[in-house]
Amino acid sequence: MHLTLHLTNRCNLACRYCYAAAGQEDMSLETACQAISRCAEGPQCGIIFFGGEPLLCKDLIRDVIHWCEQQGPGRFHYKVTTNGTLLDESFLDEADSWGLQVALSHDGVREAHDRFRLRPDGGGTFDALLPSLEMLLAHQPYAPVMMTVNPEAVDHYAESVLWLQSRGVQYLIASLNHAGPWDDLALRRLRKEYLKLESWHLENYRRERKMYFSPFDKRIATRVFADRGSSCRLGRRQISVAPDGRLYPCVQFVGHRGYCIGSAADGIDEIRREAIYAVNEQDKPQCTGCALAGRCHNKCGCLNVQTTGRLATVPSVLCEHERMAFPIADRLAARLFAEHNAMFIQRHYNPAFPILSFLEDLSV
């Protein structure tokens, strides 16, 4: 179980593609503790600090972690996703001592990043994030970087990925802004970028460069393990808590009262949670007979609602994207498997790979 605490709906940026509702509301420590007490299921629970911009609430992050550790050391693990503008050495020192993983949002080269990730005055943030990225990777070499790919900047996709790798990024989660204007021309350009990245990632494996690239590696995982497929287990695998304490089944539902599944004070409304989950898990009529059914993201409730307004309706851009990305990922996997590539086999077939990789780095 993962519990995402939306600590605030305030943000110091004005990113053009942001889906979060802006406001001036902060979560209280009481609400956070109530939500964890009532919703943290199982012997292990991930606590994710989210926003708005969560580092506007550094004191609250500190207080929540201290409270969690008093409940049972080792039960909780922590992550924060930030735009990076408020990172500093003091916070990263504390994050290291808490075991708090920091994920940074960054869209790559200046031409892509500064087109969308803007300050309220319209200025770009590329230059401001260079020291933040360097500082973060010095503390946490495997810190995830979250990239959003927009059709208006798709021609910079491969260039941005290679640039981030050159800055030391080793774990890149790249996602499309599915709500963007993806027409046929933009999708053709996207395919061209993916073909460049196929060759690049093949060389990463051959040269044993530790680079996780989600558009390929995540899809390869669904080829290797059948249970890594499309179900997002909406409301079961994770719950999002709004600043006011209302509970939602995932991050992009926060603020949409029709998808509320309880409150921090009263706990989870199990009937409501199961009803939303059941609708989301229904087979999608447009997916009947598709060879990718069970592997693609067609049951991502957030994505479906964001783009079509309905849980059970899959956006056409997702279908086009998956038909493009899966053959490339599968071709890459087949080639590396045929070559008996050691890093590929370790990453995708050995569950202990992350630990072994970390220990290997410590010994260097």
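Above this note sits the structure.
The rules we used
Residues numbered from 1 in each chain as written. Predicted model: local features only at pLDDT ≥ 70, side-chain atom pairs only at ≥ 80, totals over all residues. Heavy atoms only, no water. Helix = DSSP H or I, 4+ residues; strand = E, 2+ residues; numbered from the N terminus. Rg over C-alpha atoms; globule rule 2.2 N^0.38 Å. Areas by Shrake-Rupley, 256 points an atom, 1.4 Å probe, with all protein chains shown as cover. Phe/Tyr/Trp six-rings, centres within 6.5 Å; stacked < 30°, edge-to-face > 60°. Buried < 20%, exposed > 50% of the residue type's maximum accessible area, 1.4 Å probe, protein only. Lys NZ or Arg CZ within 6 Å of the ring centre and 35° of its normal. Polar contact = N/O pair within 3.5 Å; in protein donor to acceptor, adjacent residues only side chain to side chain. Contact = heavy atoms within 4.5 Å. Pairing = 2+ DSSP bridges. Right-handed = clockwise from strand over helix to strand, strands pointing away. Axes fitted to C-alpha atoms, helices over the stretch in contact; angles between N-to-C directions. Parallel < 35°, antiparallel > 145°, perpendicular 65-115°, else oblique. Nonpolar A, V, L, I, M, F, W, Y, C, P; charged D, E, K, R; others polar. Core = buried A, V, L, I, M, F, W, Y, C linked by side-chain atoms within 4.5 Å. Expected span 1.5 Å × (residues − 1). Salt bridge = Lys/Arg side-chain N within 4 Å of Asp/Glu carboxyl O.

## A few points about the overall build of the protein chain
Helices and strands together make up the secondary structure of the protein chain, namely 13 helices and 11 strands. Taking 21 Å as the expected radius of gyration for a compact globule of 364 residues, we find that the protein chain reaches 20 Å, a close match to that expectation. For the protein chain, the spread of C-alpha atoms along the three principal axes comes to 55 × 50 × 45 Å. Counting only carbon and sulfur atoms, one obtains 52% of the accessible surface of the protein chain, whose full area is about 16500 Å².

## Some remarks on the packing of aromatic side chains
In the structure shown here, the tally under the stated rule is 13 aromatic pairs. Centre to centre, the rings of Tyr17 and Phe116 are 5.8 Å apart; their planes meet at 45 degrees, and the pair counts as tilted. Residue Tyr17 is found in the loop between strand S1 (2-6) and helix H1 (29-39), and its partner Phe116 is found in helix H4 (residues 110-116); the two are separated by 99 residues along the sequence. When sorted by exposure, Tyr17 lands in the same class as Phe116, which is buried. For the pair Phe91 and Trp98, a centre-to-centre distance of 6.3 Å together with 80 degrees between the ring planes defines the contact as edge-to-face. Accessibility assignment for this pair places Phe91 and Trp98 in one class, buried. Each residue in the set Tyr157, Tyr194, Trp200, Phe213 and Phe216 is aromatic and connected to the rest through ring pairs, giving one cluster. For Arg219, the ring lying beneath its charged end belongs to Phe326, and the centroid distance is 5.5 Å. The ring of Tyr277 carries the charged tip of Arg236 above its face, separated from the ring centre by 3.7 Å.

## A few points about the side chain of His113
Residue position: His113 is located in helix H4. A polar contact of 2.8 Å, which involves the side chain of His113, links it to the side chain of Thr125. Those residues within four positions of His113 in sequence are excluded, and the remaining contacts are Ser105, His106, Asp107, Gly108, Thr125, Phe126 and Leu129.

## Points about the pairing of strand S2 (residues 45-50)
Where burial is concerned, most of S2 is hidden: 6 out of the 6 residues are buried. Here S2 shows two buried faces, one formed by Cys45, Ile47 and Phe49 and the other by Gly46, Ile48 and Phe50. Sheet topology note: the S1/S2 ladder contains 5 bridges and is parallel. Pairing of His6 across the sheet is with Phe50, part of S2. Crossover S1 to S2 through H1 is right-handed. The handedness of the S2 to strand S3 (residues 76-82) crossover, carried by helix H2 (residues 58-71), is right-handed.

## Some thoughts on the packing of helix H8 (residues 214-224) against helix H12 (residues 342-349)
For the pair H8 and H12, interaxial distance at closest approach is 10 Å and the crossing angle is 70 degrees. In terms of orientation, H8 lies roughly perpendicular with respect to H12. For the pair formed by H8 and H12, the contact residues are Asp217, Ile220, Ala221 and Val224 on the first element and Phe344, Arg347, His348 and Tyr349 on the second. Grouping the amino acids of the contact of H8 with H12 by side-chain chemistry returns 5 nonpolar, 1 polar and 2 charged.

## Regarding the nonpolar core
Among the nonpolar cores identified, the biggest contains 98 residues, and Leu3, Leu5, Ile47, Phe49, Ile61, Leu100 and Tyr157 are the most heavily contacted of them. Those residues in contact with Ile61 that sit more than four places away from it in its chain are Leu7, Phe49, Pro54, Leu55, Val80, Phe91, Trp98 and Leu100.

## A closer look at helix H7 (residues 184-206)
The end-to-end C-alpha separation of H7 is 33 Å, in line with the 33 Å expected for 23 residues at 1.5 Å each. If you check which residues of H7 are buried, you get Ala186, Leu187, Leu190, Glu193, Tyr194, Leu197, Glu198, Trp200, His201, Leu202, Asn204 and Tyr205. Looking at the packing, one finds that the buried side of H7 touches helix H6 (157-166), strand S6 (171-176), strand S7 (212-213), H8, helix H11 (316-338) and H12. Following H7 by one or two positions, Glu208 has its phi on the positive side, about 55 degrees.

## Focus: the pairing of strand S8 (residues 238-241)
The side chains of a regular strand alternate, residue by residue, between the two faces of the sheet. Going residue by residue along S8, you find Gln238 and Ser240 tucked away on one face and Ile239 and Val241 tucked away on the opposite face as well. Relative to S8, S1 runs parallel, the two being bridged by 4 bridges. Counterpart to Thr4 in the pairing with S8 is Ser240. Here S8 runs beside strand S9 (residues 247-248); their pairing, made up of 2 bridges, is antiparallel. Note that in S9 the partner of Ser240 across the bridge is Tyr248.

## Notes on the pattern of salt bridges
A full pass over the atoms with the stated rule returns 22 salt bridges. A salt bridge links Asp114 to Arg110; its shortest N-O distance comes to 3.9 Å. Of the two residues, Asp114 and Arg110 both sit in helix H4, 4 residues apart, roughly one turn of that helix. Residue classification places Asp114 among the partly exposed positions, given a relative accessible area of 22%. A salt bridge links Glu320 to Arg323, with the nearest nitrogen and oxygen atoms 3.7 Å apart. Note that Glu320 and Arg323 are positioned in helix H11 at a spacing of 3 residues, about one turn of the helix. Put simply, Glu203, Arg206, Arg207 and Glu339 are held in one network by salt bridges that share partners.

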